[in-house]
Amino acid sequence: MVRYIIPYIFLYLFYLPFRILPYRACLVYGRFLVCLLYPLAKKHRKIAYDNISYAFPDYSEEKKKELVWKSFLHIGNLLAGTLFAPRLSRKWMDKYLVYDAESLAIEQKTIQEGVGVVLISGHFGTWEILVQFMGIRMKGGGIYKKVRNPFVDKLIHKLRSKNGIKLVSTEESSQVTKMLKQGYWVGFGSDQNAGKVGIFVDFFNRKASTYQGPALMAYLTGAKMLLYSVLCGEGGKVMVRVKDLGFVDKSAFSDREAAIRHYTEVWTKALEEEVKLYPEQYFWVHRRWRTKPGDFPGQI
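Procedures and definitions
Residues numbered from 1 in each chain as written. Predicted model: local features only at pLDDT ≥ 70, side-chain atom pairs only at ≥ 80, totals over all residues. Heavy atoms only, no water. Pairing = 2+ DSSP bridges. Helix = DSSP H or I, 4+ residues; strand = E, 2+ residues; numbered from the N terminus. Right-handed = clockwise from strand over helix to strand, strands pointing away. Patch = residues over 30% accessible without salt bridge, like charges linked within 9 Å, V, L, I, M, F, W, Y side chains within 5 Å. Areas by Shrake-Rupley, 256 points an atom, 1.4 Å probe, with all protein chains shown as cover. Salt bridge = Lys/Arg side-chain N within 4 Å of Asp/Glu carboxyl O. Lys, Arg positive; Asp, Glu negative; His and termini not counted. Charge placed at Lys NZ, Arg CZ, Asp CG, Glu CD. Phe/Tyr/Trp six-rings, centres within 6.5 Å; stacked < 30°, edge-to-face > 60°. Buried < 20%, exposed > 50% of the residue type's maximum accessible area, 1.4 Å probe, protein only. Lys NZ or Arg CZ within 6 Å of the ring centre and 35° of its normal. Polar contact = N/O pair within 3.5 Å; in protein donor to acceptor, adjacent residues only side chain to side chain. Contact = heavy atoms within 4.5 Å. Core = buried A, V, L, I, M, F, W, Y, C linked by side-chain atoms within 4.5 Å.

Let's shift gears to the pairing of strand β4 (residues 166–169). Note on strand geometry: in a regular strand, side chains alternate between the two faces of the sheet. In this structure, strand β3 (residues 140–144) lies alongside β4, joined through four bridges in parallel fashion. Each residue of the ladder has a partner; that of G142, found in β4, is L167. Handedness of the crossover joining β3 and β4 through helix α8 (residues 150–160): right-handed.

Spelled out as structure tokens, the structure:
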């Protein structure tokens, strides 16, 4: 157990300032930590640079490098938002959450409909704040992957469920269909590399192995699909943008596979368009395109 306790202690000490400092001080502290680590992150800077080069081939070298730096600086905001997020309250949301009129209307209309929602987001903006306010603003649910260290896993579960969101582990994915049919809004952060279990769709000029979960759950349960972008704004404000992707129209497709591919392409394209508006807030350091066509025989 010692090998689990020591990493847990280090993680908790790292988390402690974000539990104490005011919100805007947490943002400054998060960016400060990233600035300290930036010179050491050569590998991840290269990954970000390569990804940005594919995504924006027309950018100059100077602009690509500038975007790498801005994206790392944003990771400081993301870190702060992630570790501050369990302290969210309605008072905090009234002060810092900013909706445009269209996004607020979509959210309110969907809440009134009482339907289950496949809430799709990406590794974009300050996504852990989305996890927390889902538990406050709507009947929220989420999926999480258990961490091997039981102490760290318990801490993460406690922090993520602090504001009322109902969490199920990836091993209990069958619960997701039940939750959607019960009117839950279940969050899917599905833009990571899906390896051999994904299907290939276009994402920023390259084929990307993409999880079928959001489209499949919408297909099986009749849930509505909404794309959420939760973005860092000026003065610590958090901008919420919502796109209504509708319901799966089964009658428009010859089979389930065709429908799932279509709606996977729809949400992936919608996310791409959002990232183009705020490219510095995408998590370019993750290896989204690691799996390539031909890596796994039979993958489409």
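Turning our eyes to something else, we now look at a positive patch on the surface. A contiguous patch of positive charge on the surface is contributed by R19, K154, K158 and K162. The residue R19 is located in helix α1 (residues 2–20) in this model.

Aromatic ring pairs are reported here in terms of the distance separating the ring centres and the angle at which the planes meet. For the coordinates displayed, the defined rule picks out 21 aromatic pairs. Plain terms: the ring middles of F18 and Y29 are 5.3 Å apart, the flat faces sit at 45° to each other, and that makes the pair tilted. Of this pair, F18 sits in helix α1 while Y29 sits in helix α2 (residues 23–37), and the two are 11 residues apart along the sequence. A relative accessible area of 0% places F18 in the buried class. With 5.1 Å between their ring centres and 50° between their planes, Y23 and F84 make a pair best called tilted. You can see Y23 sitting in helix α2 and its partner F84 sitting in helix α4 (residues 61–84), a full 61 residues away along the chain. On the accessibility criterion, F84 (5% relative accessible area) is buried. Site record: aromatic cluster; members linked through ring pairs are F56, Y59, F124, F203, F204, Y282, W284 and W289. Note that R206 overlies the ring of Y54, its terminal NZ or CZ placed 3.7 Å from the centroid. Sitting above the plane of the Y219 ring, K250 keeps its charged end 4.5 Å from the centroid.

The topology assignment puts D153 in helix α8. No salt bridge forms around the buried D153; measuring N to O, its nearest opposite-charge neighbour K146 is 5.8 Å away. Side-chain polar atoms of D153 contact the backbone nitrogen of V147, separated by 3.0 Å. Setting aside chain neighbours within four positions, we find D153 in contact with Y144, K146 and V147.

Core analysis: the largest hydrophobic core is formed by 45 residues, its most contacted members being F72, V118, F204, M225 and W284. The dominant element in this core, judged by the number of residues it contributes, is helix α11 (residues 256–277), at seven residues. Not counting the four nearest positions on each side in its chain, V118 is found in contact with L180, V186, F188, P214, M217, A218, A223, K224, M225 and L226. Listed in part, the 38 residues of the second largest apolar core include C26, L97, V131 and L167.

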